[in-house]
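Fold and contact review
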Amino acid sequence: MSANDPFARLPQAASFTVTSTTVSDGAPWPPEQLSSGLPGGKDMSPQLSWSGAPEGTKSYAVTVYDPDAPTGSGFWHWAVADIPATVTELAEGAGEDAGAQLPAGAYQLPNDARAARYIGAAPPAGHGPHRYFVVVHALDVPSIGVPADATPAVLGFTMAGHTLGRAVLTATAETPAAETAA
């Protein structure tokens, strides 16, 4: 695991609280939040609840990012934009293909697998533990104004000047190296 801090060069923002009935901060993802390519994996987005957002919040965005992926740029697993300021929870599974459980007006951007949905954790076997930053971003605009086919990196760049606060929960995952027969 690297010391890569995805917020190190971003503007400072107030903290607020995000919790989950799916995963605790610092704990491994349950099997359902892993990639469907792994045993037990279901590509199911986590349940999230948040509170204490800064005054002036007009919308939220949610992102799930793995800075430890061996890509040079990390790996975006999920990005949701334009969540209304009146919403403070997403149900487990809200990140499925149709996004039917997302609030009206919210939309999912394509992740790094180019699917507009949540894709579960799948660190390469033997690569060591990976961190997954689950972030609720409190924004000062009702709509961030990025196209639905934009990348999460474009969303992040656009949010940088509109972020009032960040609520961060970090999950982990590791795929053990395959054992070899002696």
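Check the entry above for the structure.
Here goes a summary of the coordinates provided. None of these values were measured; they are calculated from a predicted model. (Residues numbered from 1 in each chain as written. Predicted model: local features only at pLDDT ≥ 70, side-chain atom pairs only at ≥ 80, totals over all residues. Heavy atoms only, no water.)

Observations regarding the overall build of the protein chain
- Scanning the protein chain from terminus to terminus reveals one helix and nine strands.
- Tracing the protein chain from N to C terminus, the helices and strands come up as β-β-β-β-β-β-β-β-α-β.
- Over its C-alpha atoms, taken along the principal directions, the protein chain stretches across nearly 60 × 35 × 30 Å.
- Relative to its 182 residues, the protein chain shows a buried fraction of 47%.
- In the protein chain, once contacts between residues fewer than 6 apart in sequence are set aside, the share between residues at least 24 apart is 73%.
- Entry remark: accessible area of the protein chain is about 8500 Å², with carbon and sulfur atoms responsible for 55%. (Helix = DSSP H or I, 4+ residues; strand = E, 2+ residues; numbered from the N terminus. Buried < 20%, exposed > 50% of the residue type's maximum accessible area, 1.4 Å probe, protein only. Contact = heavy atoms within 4.5 Å. Areas by Shrake-Rupley, 256 points an atom, 1.4 Å probe, with all protein chains shown as cover.)

Things to note about the sheet that holds strand E4 (residues 59–66)
- Taken in spatial order, the six strands line up as E1-E9-E8-E4-E5-E7 in an open sheet, and their pairing is mixed. Both edges of this open sheet fall to strand E1 (14–15) and strand E7 (107–108), since each of them pairs with a single strand only.
- Pairing of E1 with strand E9 (residues 163–173), which is carried by two bridges, proceeds in the parallel orientation. Opposite Ala 14, over in E9, you have Gly 165 as the bridge partner. (Pairing = 2+ DSSP bridges.)

Remarks on the nonpolar core
- Formed by 28 residues in total, the largest nonpolar core has its most connected members in Trp 29, Trp 50, Val 62, Trp 78, Ile 83, Leu 90 and Val 136.
- Sorting the residues of this core by element identifies strand E3 (48–51), E4, strand E5 (75–84), strand E8 (130–139) and E9 as the ones contributing at least two each.
- Look past the residues within four positions of Trp 50 in its chain and what remains in contact with it is Phe 16, Thr 17, Val 18, Tyr 60, Val 62, Ile 83, Val 87, Thr 88, Glu 89, Leu 90 and Val 136.
- The next biggest cluster of nonpolar side chains, apart from the first, holds 12 residues, and it includes Ala 61, Ala 79, Tyr 107 and Val 141. (Core = buried A, V, L, I, M, F, W, Y, C linked by side-chain atoms within 4.5 Å.)

Re the sheet that holds E3
- Read from one edge to the other, the open sheet built from three strands follows the order E2-E3-E6, with strand pairing classed as antiparallel. The open sheet has two edge strands, strand E2 (17–19) and strand E6 (89–90), and neither has a second partner.
- Looking at chain direction, E2 and E3 are connected through three bridges and run antiparallel. Bridging from a neighbouring strand, Thr 19 pairs with Ser 49 of E3.

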